[in-house]
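Listed below are the residues making up each chain.
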Amino acid sequence: MNQQIQRLFEIASKKERLIIGLMSGTSLDGLDVALCHFQGHGRRTRARLEKFDTIPYDDEIKEEIRSVFARTEVDFQQLCLLHAWLGKLHGSMVLELLENWNISPASVDLVASHGQTVFHAPVWMHNKPKFGNATLQIGDTDHLAVRTGIISVGDFRQKHVAAGGEGAPLAAYGDYLLYSSAHENRVLLNIGGIANYTFLPAGGNVKTMFATDVGPGNTLIDAAVQKFFGRPFDPDGSIARSGEVNETLISALQSHPFFKIPLPKTTGPELFNLSFLDKKLEETGIKTLSPAGLVASLTAFAAACIVQEMKLLLEKYRPLTIYLSGGGMHNPFLTGMIIDALPDCKFDTTQSLGINPDAKEAVLFAALANETVAGNGATFKGNTSGLPAISMGKISFPR
Ligand SMILES: Nc1ncnc2c1ncn2[C@@H]1O[C@H](COP(=O)(O)OP(=O)(O)OP(=O)(O)O)[C@@H](O)[C@H]1O
Ligand SMILES: CC(=O)N[C@H]1[C@@H]2OC[C@@H](O2)[C@@H](O)[C@@H]1O[C@H](C)C(=O)O
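Bear in mind the structure is a predicted one, so any value in this text is a computation, not a measurement.

A.B. asks: Would you mind showing me how to read the site of ligand 2 here?
C.D. replies: Within the structure, ligand 2 sits among 15 residues, and T117, R157, L170, A171 and D213 are positioned closest to it. T117 is positioned with one of its side-chain polar atoms (N or O) 2.6 Å from an oxygen atom of ligand 2. Here an oxygen atom of ligand 2 and a backbone polar atom of A171 are 2.8 Å apart. In isolation ligand 2 offers 440 Å² of accessible surface; the protein chains occlude 97% of this area.

Dropping the structure here:
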């Protein structure tokens, strides 16, 4: 037998596993690295975050990724080179952190890598039905495995597409295993580049739980701040706070057909980008908006998309507790608008559920890898809200 299969069998048979989750999201701010301890699998999963850090991407890395990111036309050589380069880079970043943490790579069972989404294409967006849904993540896990010597699991989204999904959001799987409550209707709201949430009904019924994207979280805010202020994001919402919100622009942005598509649905910076914004500015004929007013309006737009979805959910489920995670929770101008508009909801962060909100997505991919080796897609059987009953991820051996 291939020794690596023997090793995989041993890892799958263990009662406890040490798994590193890696997430590099749509904001291109860096690689989130979460070292997690898992006990069990499926409904009996227990996760503990042992260590967490984000390795920021320097300007060179950001520029290289941006050259292929969310574009319909790219340099194919560049895409090919990046697929390998990012895999190696992520591997080196993992090794660097393990050394800082004084943890031997040999003690880690698996690395779970999301990779870098470079294009996300649900059928509603490309409108070519014969192709169906499609999504592409780069940063090959063979490079990660060879560089770290750790069996690596990646490319999680393809199975979801193959089984009828859009390839996202996958958060529902991990959220259901880790955060379901017997007594509380929970919303796990992640405000990253794109905002998405998982709904978990009290009692942990697999049937009605679901996850969906709701619209741009920070992606348009970041793009406008980068263009007009030369900074990566709006620190603590200070720019937005100094501008005036333009309601006409918000209505125009919200008139996009995406907001009428039934749940669950997904989107990305392929739609929510500066060209989308420019088109809407032209349509509305707005000429007098200051850069700070633009950032304020885009922040209010991001909040409005979230609030609209939460109000629809409240029509069916009450009371609701919303647990925040993702970088947008550090923008009090954004979260303030959401909280003020939803007086009937209780708000908290995933810290109360035992997970650092900045680490949450990386932990979720580690939980998915735990299921890849030890779990069973049948845990999710019976869901009627668009979640195929599958386990996901492809396995790369170091040798
Ligand atoms: N102090 C802060 N003030 C304002 N915004 C912040 C702050 N810290 C982080 N952010 C926002 O959060 C973003 C990063 O969020 P996060 O890392 O959750 O996104 P991501 O994982 O890349 O995106 P996605 O979840 O869509 O893949 C930044 O680009 C910025 O817009
Ligand atoms: C295609 C893709 O990478 N989508 C991301 C993105 O970032 C947030 C939102 O859009 C979500 O749908 C998804 O990530 C999270 C981790 C998910 O799959 O649950």
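A.B. asks: What is the right way to look at the layout of surface pockets in this model?
C.D. replies: Regions of empty space are outlined by a rolling probe, equal in size to a water molecule, passed over the atoms. Approximately 690 Å³ is the volume found for the second largest pocket. In terms of lining, the second largest pocket is formed by 24 residues, of which the most central are A223, P269, F272, N273 and L274. Elements that contribute at least two residues to the lining of the second largest pocket include exactly α8 (219-229) and α11 (274-284). Element by element, the count of residues in the lining of the second largest pocket is highest for α11, at six residues. Looking at the lining of the second largest pocket, you find at least three residues from each of domain 1 (3-167 + 361-383 + 391-396) and domain 2 (172-353).

A.B. asks: Looking at this model, I keep getting lost on unusual backbone geometry. Mind explaining?
C.D. replies: Omega for the bond connecting A168 with P169 falls within 30 degrees of zero, at -20 degrees, which places this linkage in the cis form. Tracing the chain through its elements places P169 in the loop between α6 (157-162) and α7 (171-179). Look at L28: it is not a glycine, yet its phi comes out positive at around 55 degrees. Look at D155: it is not a glycine, yet its phi comes out positive at around 55 degrees. When you line up the elements, D155 lands in the loop between β6 (152-154) and α6.

A.B. asks: Please explain the site of ligand 1 as it appears in this structure.
C.D. replies: Close to ligand 1 lie 21 residues, the nearest being T26, S27, D222, D236 and G327. The separation between an oxygen atom of ligand 1 and a polar main-chain atom of S27 is 2.8 Å. D222 places a polar side-chain atom, nitrogen or oxygen, 2.6 Å from an oxygen atom of ligand 1. Considering ligand 1 on its own, with 650 Å² of exposed area, one finds that the protein chains cover 87% of that surface. Taken together, the residues of the shell around ligand 1 break down into four nonpolar, twelve polar and five charged. Residue assignment places the shell around ligand 1 across two domains, with domain 1 (3-167 + 361-383 + 391-396) and domain 2 (172-353) each supplying three or more.

A.B. asks: How should I be thinking about the pattern of salt bridges in this particular structure?
C.D. replies: Between side chains of opposite charge, a pair can form when the charged atoms approach closely. Within the structure shown, the criterion is met by nine salt bridges. Note that D109 and K14 form a salt bridge whose closest N and O atoms lie 2.6 Å from each other. On the criterion of sequence distance, the pair formed by D109 in the loop between α3 (76-101) and β4 (110-121) and K14 in the loop between α1 (3-13) and β1 (16-24) is long-range, its members being 95 residues apart. Several salt bridges share partner residues, and in doing so they unite R7, K14 and D109 into one network.

A.B. asks: Explain the sheet that holds strand β8 (residues 194-200) to me, please; I cannot follow it from the model alone.
C.D. replies: Neighbouring strands of a sheet are bound in pairs by backbone hydrogen bonds; such pairs are parallel or else antiparallel. On the basis of which strands lie adjacent, the open sheet formed by five strands has the order β9-β8-β7-β10-β11 and mixed pairing. Whereas interior strands pair on both sides, the edge strands pair on one side only; in this sheet they are β9 (210-216) and β11 (346-349). The mean angle between the axes of side-by-side strands here comes to 25 degrees, regardless of whether they run parallel or antiparallel. As paired strands, strand β10 (residues 321-325) and β11 are joined by four bridges and run parallel to one another. For Y323, the partnering residue across the bridge sits in β11 and is D348. Helix-sheet contacts for helix α12 (residues 291-316) involve β7 (186-191), β8, β9 and β10, and the interaxial angle to β9 is about 150 degrees.

Criteria and cut-off values
Residues numbered from 1 in each chain as written. Chains lettered and ligands numbered in written order. Predicted model: local features only at pLDDT ≥ 70, side-chain atom pairs only at ≥ 80, totals over all residues. Heavy atoms only, no water. Near = heavy atom within 4 Å. Polar contact = N/O pair within 3.5 Å; in protein donor to acceptor, adjacent residues only side chain to side chain. Areas by Shrake-Rupley, 256 points an atom, 1.4 Å probe, with all protein chains shown as cover. 1 Å grid on protein atoms, 1.4 Å probe; cavity = no way out; pocket = protein on both sides within 12 Å on 5 of 7 lines; lining within 4 Å. Points joined across faces, edges and corners; volume = space filled by probe spheres on them. Helix = DSSP H or I, 4+ residues; strand = E, 2+ residues; numbered from the N terminus. Domains from an automatic or database assignment. Nonpolar A, V, L, I, M, F, W, Y, C, P; charged D, E, K, R; others polar. Salt bridge = Lys/Arg side-chain N within 4 Å of Asp/Glu carboxyl O. Pairing = 2+ DSSP bridges. Axes fitted to C-alpha atoms, helices over the stretch in contact; angles between N-to-C directions. Contact = heavy atoms within 4.5 Å.

Interpretation note: all reported values are geometric properties and have no functional meaning in isolation.
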